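Chain residues, written in single-letter form:
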Amino acid sequence: MKKPHFALGLAGALAALLAPSAACAQQSFQLSSKFLEARFSAGQKIWDGQHRFGNVFCLKFPQPAEADALAEAMYNNNTLYFSRAAYKDMTALYVIASTVPAGRSAEAEIGNLAAQNQRGVDARPDYFKQTRIDSLLGPSLQLTIRNSTEGSNESPFPFARAVAIRPDGQLASLSVHRLFVRNRDRIEVAGLRYFNAPLSPDREAEAIAALSAFVEAAADSLQSCSQGLPPRTP
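**Brief notes about the side chain of Arg84**
Working step 1: Checked against the element boundaries, Arg84 lands in strand 5 (residues 80-87).
Working step 2: Using a relative accessible area of 2% as the deciding quantity, one classes Arg84 as buried.
Working step 3: A polar atom in the side chain of Arg84 sits 3.4 Å from the side chain of Glu150.

**A closer look at empty space enclosed by the protein**
The probe, sized like a water molecule, is rolled over the atoms to show the empty space still left.
Working step 1: For the structure shown, the criterion picks out 1 cavity of 30 Å³ or more.
Working step 2: Of the pockets and cavities examined, the largest cavity occupies roughly 40 Å³.
Working step 3: Phe35, Tyr75, Phe82, Arg84, Tyr94, Glu150, Gly151, Ser152, Asn153, Pro156 and Phe157 are the residues that line the largest cavity.
Working step 4: Each residue belonging to the lining of the largest cavity can be placed in one class, and the counts come to 6 nonpolar, 3 polar and 2 charged.

**Comments concerning the pattern of salt bridges**
Once the charged atoms of two side chains with opposite charge are near each other, the side chains can pair.
Working step 1: Applying the stated rule across the entire model yields 12 salt bridges.
Working step 2: Among the salt bridges present, the one from Glu188 reaches Arg161, with a minimum N-O distance of 3.0 Å. Within this pair, whereas Glu188 is found in strand 12 (residues 185-199), its partner Arg161 is found in the loop between strand 9 (148-149) and strand 10 (162-163), the two being separated by 27 residues in sequence.
Working step 3: On the basis of relative accessible area, Glu188 is assigned to the buried category, the value being 5%.
Working step 4: The exposure class assigned to Arg161 is partly exposed, which follows from its relative accessible area of 30%.
Working step 5: Its salt-bridge partner being Arg178, residue Glu216 comes within 2.6 Å of it at the nearest N-O pair. In this pair, Glu216 sits in helix 2 (residues 201-226) while Arg178 sits in strand 11 (residues 171-182), placing the two residues 38 residues apart along the sequence.
Working step 6: One network of salt bridges, with partners in common, ties together Glu37, Arg84 and Glu150.

**Remarks on the nonpolar core**
Working step 1: Of all hydrophobic cores here, the largest spans 33 residues; its most connected members are Phe57, Phe61, Leu93, Val95, Val189 and Leu222.
Working step 2: Where this core is concerned, the elements lending two or more residues are strand 3 (57-60), strand 4 (67-75), strand 5, strand 6 (91-99), strand 11, strand 12 and helix 2.
Working step 3: The contacts of Leu222, once residues within four sequence positions are left out, are Phe57, Cys58, Leu59, Val95, Leu137, Phe180, Ile187, Val189 and Gln227.

**Thoughts on the pairing of strand 12**
Working step 1: Counting buried positions along strand 12 gives 12 out of 15 residues, so the element sits mostly inside the fold.
Working step 2: Relative to strand 12, strand 6 runs antiparallel, the two sharing 9 bridges. Note on strand 12: the bridge partner recorded for Ala92 is Leu192.
Working step 3: Sheet analysis places strand 11 next to strand 12, joined by 11 bridges and oriented antiparallel. When the bridges of strand 12 are listed, Val176 appears paired with Gly191.
Working step 4: In sequence, strand 11 turns back onto strand 12 through a hairpin of 2 residues, with Asn183 there showing a positive phi of about 50 degrees.

**As for helix 1 (residues 106-123)**
Working step 1: Taking 1.5 Å per residue as the helical rise, helix 1 with its 18 residues ought to reach 26 Å, and the 26 Å between its terminal C-alpha atoms agrees with that figure.
Working step 2: Along helix 1, the residues classified as buried are Glu109, Ile110, Leu113, Ala114, Asn117, Gly120 and Val121.
Working step 3: Against strand 7 (128-135), strand 8 (138-146), strand 11 and strand 12 lie the buried residues of helix 1.

**Describing the sheet that holds strand 4**
Working step 1: Ordered in space as 1-4-5-6-12-11-8-7, the 8 strands form an open sheet in which the pairing is antiparallel. Among the strands making up the open sheet, the edge pair consists of strand 1 (36-39) and strand 7. The sheet shows a mean angle of 15 degrees between the axes of neighbouring strands, taken without regard to direction.
Working step 2: Pairing of strand 7 with strand 8, which is carried by 8 bridges, proceeds in the antiparallel orientation. In the sheet register, Arg132 faces strand 8, and the bridge partner there is Leu141.
Working step 3: With respect to the sheet, helix 1 is in contact with strand 7, strand 8, strand 11 and strand 12, its orientation differing from that of strand 7 by roughly 160 degrees.

**Structural notes on the confidence of the model for the chain**
Working step 1: Per-residue confidence for the chain gives a mean pLDDT of 86; residues scoring 70 or more make up 86%.
Working step 2: Confidence drops under pLDDT 50 across residues 1-26; counting only partners more than four residues distant or on other chains, this segment forms 90 contacts.

Calculation notes
Residues numbered from 1 in each chain as written. Predicted model: local features only at pLDDT ≥ 70, side-chain atom pairs only at ≥ 80, totals over all residues. Heavy atoms only, no water. Helix = DSSP H or I, 4+ residues; strand = E, 2+ residues; numbered from the N terminus. Buried < 20%, exposed > 50% of the residue type's maximum accessible area, 1.4 Å probe, protein only. Polar contact = N/O pair within 3.5 Å; in protein donor to acceptor, adjacent residues only side chain to side chain. 1 Å grid on protein atoms, 1.4 Å probe; cavity = no way out; pocket = protein on both sides within 12 Å on 5 of 7 lines; lining within 4 Å. Points joined across faces, edges and corners; volume = space filled by probe spheres on them. Nonpolar A, V, L, I, M, F, W, Y, C, P; charged D, E, K, R; others polar. Salt bridge = Lys/Arg side-chain N within 4 Å of Asp/Glu carboxyl O. Core = buried A, V, L, I, M, F, W, Y, C linked by side-chain atoms within 4.5 Å. Contact = heavy atoms within 4.5 Å. Pairing = 2+ DSSP bridges. Expected span 1.5 Å × (residues − 1). Axes fitted to C-alpha atoms, helices over the stretch in contact; angles between N-to-C directions. pLDDT = per-residue confidence, 0-100.

This is the structure we're talking about:
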């Protein structure tokens, strides 16, 4: 079983804003900033979970006292923003962003994202499940992926998604995603969790519900906070 990357390093903050891109169509990724990482010392309350990327989004990460590290980076000529909080129980929570092409409505972009996700559902319905729901930021998508895996810093999850096909069909890892379009930006909140031992089918529903609740806590915070941000300038 592939173990999560969740690297640790030096703290930092990014101030660059996003340029137009087609993030979900990207097949290759190149860092255009340093990969900035902060490690949190055990027993020290040094992070309250608050996080913001310009006027694109803001939120409070859930359970910040359980976080081991926070990382940020920009990719592909500063068109893709990446952040990841790594937690103690082989769980990570990601918030990423990119820019909707000029002239495309939020509704049209959500439709494009749904169509892209649906290709995974159609190819592997036993691994992918997608639901469209309403949110404070407008139409939103929820995506669940069984046996999802994290790539390297050069192939960052969840911009890049992959699954590990298991002959026994058991659940070794899981990701839950919430996708939004706000003004000019795509925003995705994703949780990825690895399990110490594969879960049998009778334990899957509980695992999916637990990770979904964790991701929804972050997504709810992001919606409440971000809807009050002013539109960003180009």
